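One-letter residues, chain by chain:
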Amino acid sequence: MDRLWFLVFLGGFVIPGVQHVWGIEVFTTSEVEAVNGTSVKLKCTFSSTQPVSLQTVTVSWDFRSITSKSTERMFYYQEDPYPPEKGIFKGHVKWSGDIMRKDASITLTDVLPTFNGTYICQVVNPPDAHGSTGETILRVVNKETLSEISVLAAIVGGSCAVILVFLGIFIAVKMYRKNNNKKDIEMRLEEYRKDPTVCSPAEAVHLTALETKKEAVSSDD
């Protein structure tokens, strides 16, 4: 019985201590695309149940390459920004956040293809020391590739449009001439039936042949 009361008494100290540890929430953009040689902002914001101050909040950014499963620290903030002093990110990372606005964003300048990978943002604001991390996948594309694709698409699309226009004009003209010739022949045949003397002998022979051919086709149908 004494042991039971001892456990209850001990739990009264332990449980309240556990209840006073809150989790911090971190929010990032899932995927970002940047052109090789330009700058790109990696957004990271957070929420905390505890008061935020420059002295309590720490921010860390880690990088995991698409060719590796391990991560490396590439930026750290605690009262002041600490950009990397070596490695591929040296001279390429700037602090773009505002702790008092719960913003822990950074900017990558003059991005390179080697920057392709996953960026992990973690924020700590004691006692908010446990919570989720935010991840952003960065894809670096070549500007030349984008331009070439755009130009090629424009050329192909323009060529197809021009071909279709000329094809439509050709078909329309051909149909127009065919209809006019047909109407002209029918009119001449009609005139010849009414008065055979309106045509020259050669034209009369030609019209007679056309009429005979027309009658033969009609009989076959």
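Conventions we followed
Residues numbered from 1 in each chain as written. Predicted model: local features only at pLDDT ≥ 70, side-chain atom pairs only at ≥ 80, totals over all residues. Heavy atoms only, no water. Helix = DSSP H or I, 4+ residues; strand = E, 2+ residues; numbered from the N terminus. Buried < 20%, exposed > 50% of the residue type's maximum accessible area, 1.4 Å probe, protein only. Areas by Shrake-Rupley, 256 points an atom, 1.4 Å probe, with all protein chains shown as cover. Pairing = 2+ DSSP bridges. Axes fitted to C-alpha atoms, helices over the stretch in contact; angles between N-to-C directions. Core = buried A, V, L, I, M, F, W, Y, C linked by side-chain atoms within 4.5 Å. Contact = heavy atoms within 4.5 Å. pLDDT = per-residue confidence, 0-100. Disulfide = S-S within 2.5 Å. Salt bridge = Lys/Arg side-chain N within 4 Å of Asp/Glu carboxyl O. Phe/Tyr/Trp six-rings, centres within 6.5 Å; stacked < 30°, edge-to-face > 60°.

A.B. asks: Help me understand the overall build of the chain, please; the structure alone is not making it clear to me.
C.D. replies: Along the chain, the regular secondary structure elements total three helices and twelve strands. The 221 residues of the chain split such that 26% are buried. Here the chain has roughly 15300 Å² of accessible surface; of this, 61% comes from carbon and sulfur atoms.

A.B. asks: Any chance you could explain the sheet that holds strand β8 (residues 93-95) here in plain terms?
C.D. replies: Think of a sheet as strands paired side by side through backbone hydrogen bonds, with each pair either parallel or antiparallel. The sheet built from three strands is open, its strands ordered β3-β9-β8 with antiparallel pairing. For this open sheet the edge positions go to β3 (40-42) and β8, each flanked by a neighbour on one side alone. Taking each pair of neighbouring strands and ignoring which way they run, the sheet shows an average axis angle of 30 degrees. Alignment of β3 against strand β9 (residues 106-108), held across three bridges, turns out to be antiparallel. Along β9, the bridge assignment pairs Val40 with Leu108.

A.B. asks: Just checking my understanding: could you explain the pairing of strand β12 (residues 134-141) for this structure?
C.D. replies: In regular strands, side chains alternate between the two faces of the sheet. Residues Gly134, Thr136, Leu138 and Val140 of β12 are buried on one face, while the alternating residues Glu135, Ile137, Arg139 and Val141, pointing to the opposite face, are not. Pairing of strand β10 (residues 117-124) with β12, which is carried by five bridges, proceeds in the antiparallel orientation. Looking across to β12, one finds that Gly117 is bridged to Leu138.

A.B. asks: I'm lost on the nonpolar core in this one. Help?
C.D. replies: Inside soluble globular proteins, nonpolar side chains tend to come together where they are buried. Membership of the largest hydrophobic core comes to 29 residues, with the highest contact counts inside it found for Trp61, Met74, Leu108, Tyr119, Val123 and Leu138. Dropping the residues within four chain positions of it, Tyr119 is found in contact with Leu42, Trp61, Asp62, Phe63, Met74, Phe89, Leu108, Gly134, Glu135, Thr136 and Leu138.

A.B. asks: Where do I start with the sheet that holds strand β4 (residues 44-47) in this structure?
C.D. replies: Taken in spatial order, the three strands of this open sheet run β4-β1-β11, and their pairing is mixed. Each of the sheet's edge strands pairs with one partner strand only, and the pair in question is β4 and β11 (130-131). Where strand β1 (residues 23-28) lies against β11, two bridges are found, and the strand directions are parallel. Opposite Ile24, over in β11, you have Gly131 as the bridge partner.

A.B. asks: Help me understand the confidence of the model for the chain, please; the structure alone is not making it clear to me.
C.D. replies: Close inspection of predicted coordinates is inappropriate in any region flagged by low pLDDT. Residues at a pLDDT of 70 or more form 68% of the chain, whose mean pLDDT is 80. Low pLDDT (under 50) marks residues 1-21, which in the prediction has four contacts with non-local residues, meaning those over four places away or in another chain.

A.B. asks: Explain the state of the cysteines to me, please; I cannot follow it from the model alone.
C.D. replies: Disulfide: a covalent bond connecting the sulfur atoms of a pair of cysteines. Applying the stated criterion across every chain, the model contains one disulfide. Between Cys44 and Cys121 runs a disulfide, and the two sulfur atoms are separated by 2.1 Å. Between Cys44 and Cys121 the sulfur-sulfur dihedral comes to about -80 degrees; the bridge is accordingly left-handed. Here Cys121 lies in strand β10 and Cys44 lies in strand β4, a separation of 77 residues in the sequence. On the basis of relative accessible area, Cys121 is assigned to the buried category, the value being 0%.

A.B. asks: Would you take a moment to explain the environment of Asp110 for this structure?
C.D. replies: Within the secondary structure layout, Asp110 lies in the loop between β9 and β10. Along the backbone, Asp110 and Gly37 are 73 residues apart, and their C-alpha atoms lie at a distance of 4.2 Å.

A.B. asks: Is there a simple way to explain the pattern of salt bridges in this structure?
C.D. replies: Any two side chains of opposite charge can pair, given that their charged atoms come close. A complete count under the given rule lists four salt bridges for this structure. Here Asp62 ties to Arg73 by a salt bridge, and the two come within 2.4 Å at their closest N and O atoms. Linking Asp62 in strand β5 (residues 58-65) with Arg73 in strand β6 (residues 72-78), this pair joins segments that are eleven residues apart in sequence. Asp62 sits in the buried class, given a relative accessible area of 13%. Residue classification places Arg73 among the partly exposed positions, given a relative accessible area of 47%. A salt bridge links Asp98 to Arg101; the shortest N-O distance between them is 3.4 Å.

A.B. asks: Looking at this model, I keep getting lost on the packing of aromatic side chains. Mind explaining?
C.D. replies: As enumerated under the stated definition, the model contains seven aromatic pairs in all. For the ring pair Phe63 and Tyr119, a centre distance of 4.9 Å and an interplane angle of 45 degrees mean the geometry is tilted. You can see Phe63 sitting in strand β5 and its partner Tyr119 sitting in strand β10, a full 56 residues away along the chain. Tyr119 matches Phe63 in its accessibility class, with the two residues each being buried. Residues Tyr76 and Tyr82 carry aromatic rings whose centres are separated by 6.4 Å and whose planes lie at 40 degrees to one another, so their mutual orientation is tilted. Classification of Tyr76 as partly exposed rests on a relative accessible area of 28%. Every member of this aromatic cluster is reached through a ring pair, and the members are Phe63, Phe89, Phe115 and Tyr119.

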